[in-house]
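# Chains, contacts and geometry: an overview
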Amino acid sequence: MFNQIGVFGTTLVTVFFLITTLPIADAHPGMSEIFSHSEMTVEIVQAQATQSQSSRPVVPEPLKKFQNFFPYKKQAEPTNLRHKIIQGLVYSLIFLAVLRLIRFIYQRCITSLELIKHKDYSLRIQHLDLISSDRVFRIAYLGFKSIRIIAYLLIGYLYFTCIFYLFPWTQKIGEGLSRHIIKSLSSILFNFISYIPNLIVLILIGIATYHISKLIKQVFSEIENGNLHFPGFYPEWAEPSYKLAQFLLVIFSAAVAYPYLPGGFESPAFQGIAIFGAILGTLGARESVSDIISGIVLIYSRAFLVGDRIAVNDITGIVLEKSLLVTRIRTPKNVIITLPNSTLRNSNIINYSATIRDLNTPLILHVGITLGYDLPWRTVHQVLLKAAYQTPHILKEPAAYILQTNLNDFHVSYELNAYTDQSIRMEAIYSTLYQNIQDCCREADIEILSPNYFALRDGNEITIPKA
């Protein structure tokens, strides 16, 4: 760092020496005679040119350039030059002091980084490190170095502008540099001041959007918790309705704020990118948009909720997740099936849990059985009801009942109907109920016959299993 400052200071002294060389030479005693002789020569030439037939004075090109130097003669007097050299030295000292100050601040920042380098400042999402801690510190070092270089360049620009502006032969360069920086700063300041009304409008839109969002969240939270009720609006609608309202609020706020945003949105490049993105979105998101619309329809139609047992086409299981795009179902064999919402919307959905949840009415499980005409139907009813009440999760209230659904050629069709409030255990309940029916029929010496059952027997053996 000291070598860099030394090289820069040497360059600075060299430039300052070159700038001040001409004034020092001008302080030589013979310079005034050269100026006086040159003035007399130019006056003689101009007088002769005026007396000639030409209407315009003719001055030779070398004398024109020499004549243009005369306005700087007064400023190049030794007294004025001494003052300007002193001012230049003061500017140089201030410039070096500012460089030392920038270096000091930079060293303090680097030291502070070294002190906290052992800490973990990684940027991560859950267990995924987006930017490691070492990279964060490298970015910080690079940032401080970039700020230091920019500060050096700005201070150097201001310094040389002031130095060039001091002396008459470099004054135009200084004026050009100062004009450029003043023009840039004034343009930035003017644009910022002219943008203040739009900025105020954007701030007001942001504040209004933030408070409306908080109000919407509070209202839907109260609905979800059951503290606020609206006729026809169910608590399970609160979360999706809140997300939908937030999305619409953001879209509306962006549409209102769009005219007040900085320029650039009307440029052909931005419009081309927007059109290209719209085409890609239209081609690639057609199915997704259909799934989203279907998801919204399924949510507000209350076809099923998370935790319900449903049957769709040949799939039966419990709903694990319901989003705007897909629905995940776990089958009794612990297989996860993901269905697009558009498929669900176009299918018949059987919900085994809706009556328990919405109507407070338990689900009816039914079993069909065929028995011969030789058995009294009252005995059959007693046996089937006994088997039902011995089955776990079969309710005694409402009471189970028997329906005789058909009188066939060789047998009678009976249907057992029993209530349960555990729809998610349907398979296990059915399995236990079948076992109990077999046991109860064996205890009552009832032989269960299938519709197409035929057997050759001698009249002594029956198909009742032994206990």
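Values in this document were obtained by computation on a predicted structure and should not be read as measured data.

According to the stated counting rule, one finds seven aromatic pairs in the structure shown. The interplanar angle of 20 degrees and the centroid separation of 4.6 Å between the aromatic rings of Phe95 and Tyr159 together place this pair among those described as stacked. Placement of the pair is Phe95 in helix α5 (residues 78–115) and Tyr159 in helix α6 (residues 133–166), with a sequence separation of 64 residues. For Phe95, a relative accessible area of 3% corresponds to the buried category. Residue Tyr159 is classed as buried on the basis of its relative accessible area, which comes to 4%. An angle of 40 degrees between the planes, with centres 6.3 Å apart, marks the rings of Phe220 and Phe233 as tilted. One end of the pair, Phe220, is in helix α7 (residues 171–225); the other, Phe233, is in the loop between α7 and α8 (238–257), and 13 residues separate them in sequence.

Within the largest apolar cluster, 26 residues are counted, with the highest numbers of intra-cluster contacts made by Leu365, Leu371, Leu384, Tyr414, Leu416 and Ile437. Counting residues per element, the ones that place at least two in this core are β8 (363–371), α13 (377–389), β10 (412–420) and α14 (426–443). No other element matches α14, which puts seven residues into this core. Those residues in contact with Ile437 that sit more than four places away from it in its chain are Val367, Ile369, Leu384, Ala387 and Leu416. Formed by nine residues, the second largest nonpolar core is a distinct cluster that contains Ile310, Ile315, Val319 and Leu339.

Right, let's talk about the pairing of β10 for a bit. Of all nine residues in β10, eight are buried, a share of seventy percent or more. As paired strands, strand β9 (residues 401–407) and β10 are joined by six bridges and run antiparallel to one another. Within the sheet, the bridge partner assigned to Tyr401 lies in β10 and is Asn417. Between the end of β9 and the start of β10, which pair antiparallel, lie four residues.

Moving on to a nonpolar patch on the surface. Judged by side-chain polarity, Leu189, Phe192, Ile193, Ile196, Leu199, Ile200, Ile203, Leu204 and Ile207 come together as a nonpolar surface patch covering roughly 810 Å² of accessible area. Note on placement: Leu204 falls in helix α7. Overall, the relative accessible area of 54% leaves Leu204 in the exposed class.

Our next topic: the sheet that holds strand β5 (residues 326–330). The strand order across the open sheet built from five strands is β6-β5-β4-β3-β7, with neighbouring strands paired in antiparallel fashion. Each edge of the open sheet carries a strand with a single partner, namely β6 (336–340) and β7 (349–351). Taken pair by pair, the neighbouring strands of this sheet meet at an average axis angle of 40 degrees, ignoring direction. Pairing geometry for strand β3 (residues 309–312) and strand β4 (residues 315–322), over four bridges, is antiparallel.

The next subject is the pattern of salt bridges. As enumerated under the stated definition, the model contains seven salt bridges in all. Here Lys243 ties to Glu239 by a salt bridge, and the two come within 3.5 Å at their closest N and O atoms. Pair noted here: Lys243 and Glu239 are both in helix α8, with a separation of four residues, about one helical turn. Linking Arg302 and Asp358 is a salt bridge whose minimum nitrogen-to-oxygen distance equals 3.4 Å. Taken as a pair, Arg302 in the loop between α10 (286–301) and β3 and Asp358 in helix α12 (residues 354–359) lie far apart in primary sequence, 56 residues in all. For Arg302, a relative accessible area of 16% translates into the label buried. Asp358 gets classed as partly exposed once you look at its relative accessible area, which sits at 37%. It is possible to trace a salt-bridge network through shared partners that takes in Arg302, Asp308, Arg357 and Asp358.

Take the packing of α13 against α14 next. Each pair of packed helices can be described by the angle between their axes along with the distance between the axes. At a minimum axis distance of 8 Å, the contact between α13 and α14 shows a crossing angle of 140 degrees. Judged by the angle between their axes, α13 and α14 are oblique. Note on packing geometry: the crossing formed by α13 with α14 is right-handed. Between α13 and α14, the residues in contact are Val383, Leu384, Lys386, Ala387 and Ala388 and Leu433, Asn436, Ile437, Cys440, Cys441 and Glu443, respectively. Classifying every residue of the contact of α13 with α14 by side-chain character gives eight nonpolar, one polar and two charged.

Bringing unusual backbone geometry into the picture now. Note that the residue after Glu397, namely Pro398, is joined by a cis bond; omega there is -5 degrees. By the secondary structure assignment, Pro398 is in the loop between α13 and β9. A positive phi angle, close to 60 degrees, is found at Asn334, a residue other than glycine. Examined against the element boundaries, Asn334 turns out to sit in the loop between β5 and β6. The backbone phi angle of His393 is positive, close to 70 degrees, even though this residue is not glycine. Topologically, His393 is positioned in the loop between α13 and β9. What makes His393 partly exposed here is its relative accessible area of 39%.

To continue, consider the confidence of the model for the protein. Predicted confidence across the protein gives a mean pLDDT of 76, with 72% of residues reaching 70 or more. A low-confidence stretch, residues 21–45 (pLDDT under 50), is modelled with 26 contacts involving residues beyond four sequence positions or located in other chains. Across residues 52–74 the pLDDT falls below 50, and counting only partners more than four positions away or on other chains, this stretch makes 22 contacts in the model.

Reading guide: rules and limits
- Residues numbered from 1 in each chain as written.
- Predicted model: local features only at pLDDT ≥ 70, side-chain atom pairs only at ≥ 80, totals over all residues.
- Heavy atoms only, no water.
- Phe/Tyr/Trp six-rings, centres within 6.5 Å; stacked < 30°, edge-to-face > 60°.
- Helix = DSSP H or I, 4+ residues; strand = E, 2+ residues; numbered from the N terminus.
- Buried < 20%, exposed > 50% of the residue type's maximum accessible area, 1.4 Å probe, protein only.
- Core = buried A, V, L, I, M, F, W, Y, C linked by side-chain atoms within 4.5 Å.
- Contact = heavy atoms within 4.5 Å.
- Pairing = 2+ DSSP bridges.
- Patch = residues over 30% accessible without salt bridge, like charges linked within 9 Å, V, L, I, M, F, W, Y side chains within 5 Å.
- Areas by Shrake-Rupley, 256 points an atom, 1.4 Å probe, with all protein chains shown as cover.
- Salt bridge = Lys/Arg side-chain N within 4 Å of Asp/Glu carboxyl O.
- Axes fitted to C-alpha atoms, helices over the stretch in contact; angles between N-to-C directions.
- Parallel < 35°, antiparallel > 145°, perpendicular 65-115°, else oblique.
- Left-handed = near helix turned anticlockwise from the far one by under 90°.
- Nonpolar A, V, L, I, M, F, W, Y, C, P; charged D, E, K, R; others polar.
- pLDDT = per-residue confidence, 0-100.

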